[in-house]
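One letter stands for each residue in the lines below.
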Amino acid sequence: MERILDIITDKMQAAFQAAGYDPAFGRVTVSNRPDLCEYQCNGALSAAKQYKCAPIAIARAVVDQLDRADYDLVEAVMPGFINLKLSGAFLRDYLEAMRTAPDFGVEKTGAGKTIVVDYGGANVAKPLHIGHLRPAIIGEALKRLYKHLGYHAIGDVHLGDWGLQMGLIIAELQERQPELPYFDPDFTGEYPETAPFTVDELEEIYPTASGKKSDPEFSHKAHQATLELQQGRRGYRALWNHIMRVSVADLKKNYDNLDVHFEKWLGESDADPFIPPMVEDLKARGIAVQSAGAWVIPVSEEGDKKEMPPCILVKSDGSSIYATTDLATMVQRMQDWNPDKILYVTDKRQNLHFEQVFRAARKAGIVKPETELEHVGFGTMNGADGKPFKTRDGGVLRLEQLISDMTDFVRTKVVENKIVDDSEVEETTRKIAMGALKYGDLSNQPTKDYNFDMERFAAFEGNTGPYILYTIVRIKSILSRYGAWEHLPIALPANDCAKDLMLAMTKLNPSLEAALRASSPSLICAYIYELAGAVNKFYHETRILTEEDETLKAGYISLIALAKGILETCISILGFSAPEKM
Ligand code: ARG
């Protein structure tokens, strides 16, 4: 649906033209004086310079050309502003069109376009820790937003499943169980179907092996195992498959718990076959040059404010690195999906890496000139005290633990407040906890650091997930007491609170678009916080179910029903949902 701002700008431009002025002056903006009006046009002030006359005269002439039925207030005020308040009829018609349109009339600006969202970034054989919360939550919300706006969005977890960490595990396993057939180079039989370790063992094996990196002998073995794995040694490949199967099943379970779902479970290993031909090609075309034994792609540009080191493609020992994999992954993505855009969601400490990789990819022509590349670098999540999040013994907190702490905290409230029957405690708790966790994160601009404060995030009041959920639950409860509400048309606003609520609802489309443009789900949070505030104000100031005039009552119900639909749409983009009771 066309945005209100565009509709009234069109009308304003027509009025400028009808009054004899250049229509280009008729741009309308949201008012910066909400106490005076809802929208305003300052075009008469600029027009006055061109037409050499008093701005107020132009403003008055334009106002005369506007259709009064659209506005409760249209006035030309000194020195030449045009102030506008929309009429109830205008809002009613607009919201009725929203109510009956698919997805409340949200414009599908991404139709026909493909985007790859690279998020999650889990590493195989390492448990998810709190550092994996933000890429999962922010990435999922951005992907859902793109989908909602019509894009074909492919979420790819881009697993860290290659490289030294695999060699470390293989070397450690070999020390522990040298008799396994995987280590016998002459073994030609079938390898066992079950893995020689469980996921819990694997999660102990990796850190142990990693701790032995400083031992030169062990480190050499691990490097050697990595190399042989990558060259395709049969036994190591079989072990790698075991590691992948055990670990990925566990990762899937954890992401499922967070309601985070990837379309593709590809990893660094999937990029490996693309590396040799890519490197050969880049060398042949002179894009990669030799530097101190390594092959690099120079990426500094004139006008760079900071130093821009070259992007390393092949190290002097012949091995490839993180950047090589990311470039090869782009080759694969362009070949398989030909996306219009690739969006990466990682910690902002990887800013330089992506800057180098993007420049190298453009220079090498790995992506098309019009392919958009964007990196959303997010800030750190700290503890409630603002200090880095650590477990009591100074370790890194597991994501599972964080989720279960939040869930326990919420469950206590649900049980104490006797919110639901025993049989529904778990489901209600889970939904509120997810809302608290995700909204607590997403309401911050991604680039900012923030403090994880369980009590604050789980509060039912204030700018929190549970407050938004509570608002939805409140509407659900009114609707269920009212009866059939699904087909009630939107009515004229019956009071100021109703009108404010209507105005807030019209901002769905612009808010989603702004969030997409800024890659910031926080703008969706800010929007629903405002909308929930308008709902609750309307609720407190209006007798809804006790209203005797049935027509008025139906009008109230249709308004809050639409608000529920909009709020539910937005939280589903953010990645959570409302319980039935709270
Ligand atoms: N596995 C990486 C890490 O733990 C994150 C991967 C992000 N995506 C990418 N295409 N580099 O840092």
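Placed above this text is the structure.
Remember, it's a predicted structure, so these values are computed and weren't measured experimentally.

### Section: the overall build of the protein
Each helix and strand counted, the protein has 21 helices and 13 strands in total. Here the C-alpha coordinates of the protein stretch approximately 90 × 65 × 40 Å along the principal axes. Each of the 582 residues in the protein was classed as buried or not, and the buried ones make up 51%. Contacts in the protein between residues at least 24 apart in sequence constitute 74% of all its contacts with a sequence separation of at least 6. Carbon and sulfur atoms make up 50% of the accessible area of the protein, which amounts to about 26200 Å² in all. For the protein, the separation between the mean place of its 65 positive charges and that of its 83 negative charges on side chains is 4 Å.

### A few points about helix H20 (residues 522-541)
Taking 1.5 Å of rise per residue, the 20 residues of H20 would be expected to cover 28 Å, and the 29 Å separating its terminal C-alpha atoms lies within 8% of that figure. Of the residues making up H20, those classed as buried are Ser 522, Ile 524, Cys 525, Tyr 527, Ile 528, Leu 531, Ala 532, Ala 534, Val 535, Asn 536 and Phe 538. Elements in contact with the buried residues of H20: helix H5 (133-148), helix H15 (425-442), helix H17 (465-482), helix H18 (496-505), helix H19 (508-518) and helix H21 (550-574).

### Quick word on the packing of aromatic side chains
In total, this model carries 19 aromatic pairs according to the counting rule given. Pairing Tyr 119 with Phe 262 gives two aromatic rings, centres 4.6 Å apart and planes at 40 degrees, and the pair type is tilted. Of this pair, Tyr 119 sits in the loop between strand S5 (114-118) and H5 while Phe 262 sits in the loop between helix H9 (234-257) and helix H10 (268-271), placing them 143 residues apart in sequence. Each member of the pair, Tyr 119 as well as Phe 262, carries the same accessibility label: buried. The interplanar angle of 80 degrees and the centroid separation of 5.4 Å between the aromatic rings of Phe 262 and Trp 265 together place this pair among those described as edge-to-face. A relative accessible area of 9% places Phe 262 in the buried class. One aromatic cluster is present, built from ring pairs that chain together Tyr 119, Tyr 255, Phe 262 and Trp 265. Directly above the aromatic system of Tyr 236 lies the positively charged group of Arg 233, at a separation of 4.1 Å from the ring centroid. The ring of Trp 240 has Arg 237 sitting right over it, with the charged end atom 6.0 Å from the ring centre.

### Re the sheet that holds strand S3 (residues 71-77)
The strand order S1-S2-S4-S3 describes an open sheet built from 4 strands, whose pairing is antiparallel. Two strands close off the open sheet at either side, each with one partner strand: strand S1 (28-30) and S3. Neighbour-to-neighbour, the strand axes of this sheet turn through a mean angle of 25 degrees, independent of strand direction. Sheet strands touched by helix H3 (residues 55-65): S3 and strand S4 (81-86). Its angle to S3, the strand with the most contacts, is close to 155 degrees.

### Details of H3
Here H3 has its buried residues at Ile 56, Ile 58, Ala 59, Val 62 and Val 63. Down the axis of H3, the smallest arc covering the buried residues is 155 degrees, so these residues share one side. In this structure, the buried side of H3 is in contact with helix H1 (4-18), helix H2 (43-51), S3 and S4.

### Comments concerning the pattern of salt bridges
A full pass over the atoms with the stated rule returns 43 salt bridges. The closest approach of N and O atoms between Lys 221 and Glu 175, which form a salt bridge, is 3.3 Å. Here the residue Lys 221 occupies a position in helix H8 (residues 216-231), and Glu 175 occupies one in helix H6 (residues 164-176), the gap between them amounting to 46 residues. With a relative accessible area of 36%, Lys 221 lands in the partly exposed category. The salt bridge involving Asp 281 is made with Arg 285; its shortest N-O contact spans 3.1 Å. The network of salt bridges with shared partners includes Glu 172, Glu 175, Arg 176, Glu 204, Lys 212 and Lys 221.

### Observations concerning the site of the ligand
Lining the immediate surroundings of the ligand are Asp 118, Gly 121, Asn 123, His 158, Tyr 322, Asp 326, Tyr 344, Thr 346, Gln 350 and Phe 354. Contact between the ligand and Asn 123: a nitrogen atom at 2.9 Å from a side-chain N or O atom of the residue. Interatomic distance of 3.0 Å between a side-chain N/O atom of Gln 350 and an oxygen atom of the ligand. For the shell around the ligand, the secondary-structure elements that each account for two or more residues are helix H12 (322-337) and strand S10 (341-347).

### Regarding the sheet that holds S5
The sheet built from 4 strands is open, its strands ordered S6-S5-S10-S11 with parallel pairing. This sheet does not close on itself; its edge strands, each paired only once, are strand S6 (152-156) and strand S11 (372-378). Sheet twist, expressed as the average angle between the axes of neighbouring strands with direction ignored, equals 20 degrees. Judged from the 4 bridges that link them, S5 and S10 form a sheet pairing that is parallel. By the bridge assignment for S10, Asp 118 is matched with Tyr 344. Docked against the sheet, helix H13 (residues 351-364) engages S10 and S11, running at close to 175 degrees with respect to S11.

### Here we look at the nonpolar core
Counting 161 residues, the largest nonpolar core has Phe 16, Leu 402 and Ile 566 as the members making the most contacts within it. Ranked by the residues each element gives to this core, the list is headed by H21, at 14 residues. Ignoring any residue separated from it by four or fewer positions in sequence, one finds Ile 566 in contact with Met 98, Phe 104, Met 505, Leu 508, Tyr 527 and Leu 531. Among the nonpolar cores identified, the runner-up in size contains 33 residues, and Ile 154, Cys 311, Ala 328 and Ala 361 belong to it.

### Examining the packing of H17 against H20
The contact between H17 and H20 brings their axes to 10 Å, and the two run at 40 degrees. As judged from the angle between their axes, H17 and H20 are oblique. Taken as a pair, H17 and H20 cross one another with a handedness that is left-handed. Residues Tyr 467, Ile 468, Thr 471, Arg 474, Ile 475 and Ile 478 of H17 lie in contact with H20, whose contacting residues are Ile 528, Tyr 529, Ala 532, Gly 533, Val 535, Asn 536, Tyr 539 and His 540. Across the contact of H17 with H20, the residue classes break down as 9 nonpolar, 4 polar and 1 charged.

### Some remarks on the environment of Phe 218
Here Phe 218 lies in helix H8. Separated by 313 residues in sequence, Phe 218 and Leu 531 have C-alpha atoms that sit 59 Å apart. Non-local contacts of Phe 218, meaning those with residues more than four positions away in its chain, are made with Leu 168, Ala 171, Glu 172, Glu 175, Ala 209 and Lys 212.

### Notes on the side chain of Asp 161
Topologically, Asp 161 is positioned in the loop between S6 and H6. Here Asp 161 sits buried without a salt bridge, and the closest side chain of opposite charge, Arg 237, lies 9.0 Å off (N-O distance). At a separation of 2.7 Å, a polar atom in the side chain of Asp 161 contacts the main-chain amide nitrogen of Ser 269.

Reading guide: rules and limits
- Residues numbered from 1 in each chain as written.
- Predicted model: local features only at pLDDT ≥ 70, side-chain atom pairs only at ≥ 80, totals over all residues.
- Heavy atoms only, no water.
- Helix = DSSP H or I, 4+ residues; strand = E, 2+ residues; numbered from the N terminus.
- Buried < 20%, exposed > 50% of the residue type's maximum accessible area, 1.4 Å probe, protein only.
- Contact = heavy atoms within 4.5 Å.
- Areas by Shrake-Rupley, 256 points an atom, 1.4 Å probe, with all protein chains shown as cover.
- Lys, Arg positive; Asp, Glu negative; His and termini not counted.
- Charge placed at Lys NZ, Arg CZ, Asp CG, Glu CD.
- Expected span 1.5 Å × (residues − 1).
- Phe/Tyr/Trp six-rings, centres within 6.5 Å; stacked < 30°, edge-to-face > 60°.
- Lys NZ or Arg CZ within 6 Å of the ring centre and 35° of its normal.
- Pairing = 2+ DSSP bridges.
- Axes fitted to C-alpha atoms, helices over the stretch in contact; angles between N-to-C directions.
- Arc of directions from axis to C-beta.
- Salt bridge = Lys/Arg side-chain N within 4 Å of Asp/Glu carboxyl O.
- Near = heavy atom within 4 Å.
- Polar contact = N/O pair within 3.5 Å; in protein donor to acceptor, adjacent residues only side chain to side chain.
- Core = buried A, V, L, I, M, F, W, Y, C linked by side-chain atoms within 4.5 Å.
- Parallel < 35°, antiparallel > 145°, perpendicular 65-115°, else oblique.
- Left-handed = near helix turned anticlockwise from the far one by under 90°.
- Nonpolar A, V, L, I, M, F, W, Y, C, P; charged D, E, K, R; others polar.

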